[in-house]
Amino acid sequence: MTLEETRDFFAKDRFATYKTGITIDEVAKDYAKCSFMITDDDVAAHGSVMGGAIFTLADFCFAVSTNTKEQ
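It should be emphasised that the depicted structure is a prediction, and the values quoted were computed from it without experimental measurement.

Draft legend 1. Representation of the overall build of the chain in the model. Broken down by element type, the chain carries three helices and two strands. Along the three orthogonal principal directions, the C-alpha set of the chain runs to about 45 × 20 × 15 Å. Counting the 71 residues in the chain, one finds 27% classified as buried. Contacts in the chain between residues far apart in sequence, at least 24 positions, make up 49% of those at least 6 positions apart. In the structure as shown, the chain presents an accessible area of about 5,000 Å², 57% of it carried by carbon and sulfur atoms. Taking the 7 positively charged and 12 negatively charged side chains of the chain as two groups, their mean positions are separated by 5 Å.

Following this line, the structure appears as structure tokens:
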């Protein structure tokens, strides 16, 4: 899958792509690089990024890397 095909496919994952704003930056066989902009909504009371936000990013990136077929 190309990067655009991968983005189109995973756009259906509305929580990761719409709610959190995670983007797929790169894909290759068994590899994905994803990112998102941290906002005030992602910060815990003590000022660091909430674990749930980090785990959502990790979970989504893992899903992309394991479900992207060779080009």
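What follows picks up the thread again.
Draft legend 2. Examining the side chain of threonine 56 more closely. For threonine 56, the position within the fold is in helix H3 (residues 51-66). A distance of 2.7 Å separates the side chain of threonine 56 from the backbone oxygen of glycine 52, its partner in a polar contact. The contacts of threonine 56, once residues within four sequence positions are left out, are Phe15, Thr20 and Ile22.

Draft legend 3. Fine view of the side chain of threonine 6. Mapped onto the fold, threonine 6 is located in helix H1 (residues 3-10). Threonine 6 sits in the buried class, given a relative accessible area of 0%. Those residues in contact with threonine 6 that lie beyond four places of it in its chain are Met1, Ile24, Val27, Val64 and Thr68.

Draft legend 4. Quick peek at the environment of aspartate 59. If you trace the backbone, aspartate 59 turns up in helix H3. Taking relative accessible area as the criterion, aspartate 59 reaches 54% and is therefore assigned exposed. Once the C-alpha coordinates of aspartate 59 and alanine 11 are considered, the two residues, 48 residues apart in sequence, prove to be 15 Å apart.

Draft legend 5. Focus on the nonpolar core. Phe10, Ala16, Ile22, Ile24, Val27, Ala32, Cys34, Phe36, Ala53, Phe60, Cys61 and Val64 form the largest nonpolar core, which has 12 residues in total. Looking at this core, the elements with two or more residues in it are strand E1 (23-28), strand E2 (31-35) and H3.

Draft legend 6. Representation of the pairing of E1 within the structure. Where E1 meets E2, five bridges bridge the pair, whose relative direction is antiparallel. If you follow alanine 28 over to E2, its bridge partner there is tyrosine 31. Once E1 ends, the chain turns through two residues before running back antiparallel as E2, passing aspartate 30 with a positive phi of about 60°.

Draft legend 7. The pattern of salt bridges, seen in detail. Within this structure, the stated rule accounts for three salt bridges. Two residues, arginine 7 and glutamate 4, come together in a salt bridge whose shortest N-O distance is 3.0 Å. Here the residue arginine 7 and the residue glutamate 4 both occupy positions in helix H1, the gap between them amounting to three residues, near one helical turn. Assessed through its relative accessible area of 46%, glutamate 4 is described here as partly exposed. The partner of aspartate 30 in a salt bridge is lysine 29, with the nearest N and O atoms 2.9 Å apart.

Here is what the cut-offs are and how they apply
Residues numbered from 1 in each chain as written. Predicted model: local features only at pLDDT ≥ 70, side-chain atom pairs only at ≥ 80, totals over all residues. Heavy atoms only, no water. Helix = DSSP H or I, 4+ residues; strand = E, 2+ residues; numbered from the N terminus. Buried < 20%, exposed > 50% of the residue type's maximum accessible area, 1.4 Å probe, protein only. Contact = heavy atoms within 4.5 Å. Areas by Shrake-Rupley, 256 points an atom, 1.4 Å probe, with all protein chains shown as cover. Lys, Arg positive; Asp, Glu negative; His and termini not counted. Charge placed at Lys NZ, Arg CZ, Asp CG, Glu CD. Polar contact = N/O pair within 3.5 Å; in protein donor to acceptor, adjacent residues only side chain to side chain. Core = buried A, V, L, I, M, F, W, Y, C linked by side-chain atoms within 4.5 Å. Pairing = 2+ DSSP bridges. Salt bridge = Lys/Arg side-chain N within 4 Å of Asp/Glu carboxyl O.

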